[in-house]
Each structure stands twice: as structure tokens, then as C-alpha cells.
Amino acid sequence: MSRAGFFETIVGLAVIAVAAAFMAYAYGASGKAMGRDQYRVDAVFGKVDGVTVGSDVRIAGVKVGSVAGNSLDPRTYEANVELAINDGVMIPEDSIAKVVSDGILGGAHIAIEPGAAEEMLREGDKITITQGSVDLLGLAVQAFTSQASGNKAGNEPETDPLGDF
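Residues numbered from 1 in each chain as written. Predicted model: local features only at pLDDT ≥ 70, side-chain atom pairs only at ≥ 80, totals over all residues. Heavy atoms only, no water.

**Comments concerning the environment of Ile127**
Okay, step 1: Summarising the element assignment, Ile127 is placed in strand E7 (residues 126–127).
Okay, step 2: Sequence-wise, Ile127 and Ala97 are 30 residues apart; in three dimensions their C-alpha atoms are separated by 7.0 Å.
Okay, step 3: If sequence neighbours within four positions are ignored, Ile127 has contacts with Val41, Asp42, Ala43, Val44, Leu83, Ser95, Ala97, Ile112 and Leu121. (Helix = DSSP H or I, 4+ residues; strand = E, 2+ residues; numbered from the N terminus. Contact = heavy atoms within 4.5 Å.)

Written out as C-alpha cells, the structure is:
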């Protein structure tokens, strides 16, 4: 084998190794591969805009797990979200799960506010108190349109008949 052929073989093997390492990382980060050091908890939300498989699950801003799956309940039209929580993190059963935006243009994550119960969630349990995502753009449009319609109608604020006291 010539020197150029040997060099090309080595470079080809290196490219394949890097690609395999990237694929393994992507599969692990996607939340599809749940390790033995995690347990699953479910939560039902009315709206989960921005939350995808692999999104963070955080307590006090610290990542304690990730979203392992989500699906639509065809009877209630609510989002079922499966959370993979790290084994060392115990969550009280009266905790609250919220969908929190990462920013104006970013995605979202699940924030858990721990409750005060002594009983902890176990594998397969469900977080019953949840708050779905808030449509910030819709709220802003609603606020601007309601202000504009109030001003166009010519409604002036009521004056105090007693004057300024």
C-alpha cells in the first residue's frame, strides 16, 4: 500500500469514529436512551408550546432530568409529558410542574416547584398540579387591541364629581 493510500485510510477511520461519537452523543441527549440512573414521572398539561423531547427538567434552575416523551390524549386533547428524572433527586408528590419559556425566541423547559409533602414520587407516578405554557405574543396582541379599542370609542375616564379632595 502506498503512503497516500495509508494516509487516506487513517483519515477515513478517524472520520467514521468522530461520526459514531456524534451519533452516540445525539442519541443520549435526545432523551430516547434513558439510563438506569433515572426514573420516569408523568405530567399532563393543557399546552406545552416549545417543549420537545430532550428539553430540560429543572428545579431551582438546576437541570435534574429531561423530557423523555410527549403525546396527545385523544379524549381530553391535553398533552401527556413523560419526564426522566435523575435518581438522586426526590420530588414531593404535591409538587407543581410548569412550562417555562427560555426566552422570547427560545424554546421552553419544565420547571418543578417542590411541594411540602413527605411522600415522594416514584417510578410511573403522575404530577397532578401543572401549569401549561403562556402565549406571550397572544397576550401582547390582546392587550394592545383592547387598549386601542377603548381609545377609539371616545370613552373618557370618569371625572370625580366631588373634585380633588
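Still more ground to cover, so stick around.
**Regarding the sheet that holds strand E8 (residues 129–131)**
Okay, step 1: An order of E7-E1-E4-E3-E2-E6-E5-E8 is seen for the eight strands of this open sheet, with the pairing classed as mixed. Among the strands making up the open sheet, the edge pair consists of E7 and E8.
Okay, step 2: Sheet topology note: the strand E5 (residues 96–101)/E8 ladder contains three bridges and is parallel. Across the sheet, the residue bridging to Lys98 is Gln131, located in E8. (Pairing = 2+ DSSP bridges.)

**Some details on the pattern of salt bridges**
Okay, step 1: According to the stated counting rule, one finds five salt bridges in the structure shown.
Okay, step 2: Asp56 serves as the salt-bridge partner of Lys63, at 3.5 Å between the closest nitrogen and oxygen.
Okay, step 3: Asp56 gets classed as partly exposed once you look at its relative accessible area, which sits at 21%.
Okay, step 4: Linked through salt bridges whose partners overlap, the residues forming this network are Asp56, Arg58 and Lys63. (Salt bridge = Lys/Arg side-chain N within 4 Å of Asp/Glu carboxyl O. Buried < 20%, exposed > 50% of the residue type's maximum accessible area, 1.4 Å probe, protein only.)

**Concerning the pairing of strand E3 (residues 62–72)**
Okay, step 1: Bridge count between strand E2 (residues 56–59) and E3: four bridges; the pairing is antiparallel. Paired with Ile59 across the two strands is Val62, which belongs to E3.
Okay, step 2: The turn joining E2 and E3, which pair antiparallel and follow one another in sequence, is formed by two residues; a positive phi near 55 degrees is taken by Ala60.
Okay, step 3: Here E3 runs beside strand E4 (residues 79–86); their pairing, made up of seven bridges, is antiparallel. Bridge pairing in E4 places Asn70 opposite Val81.
Okay, step 4: In sequence, E3 turns back onto E4 through a hairpin of six residues, with Tyr77 there showing a positive phi of about 60 degrees.

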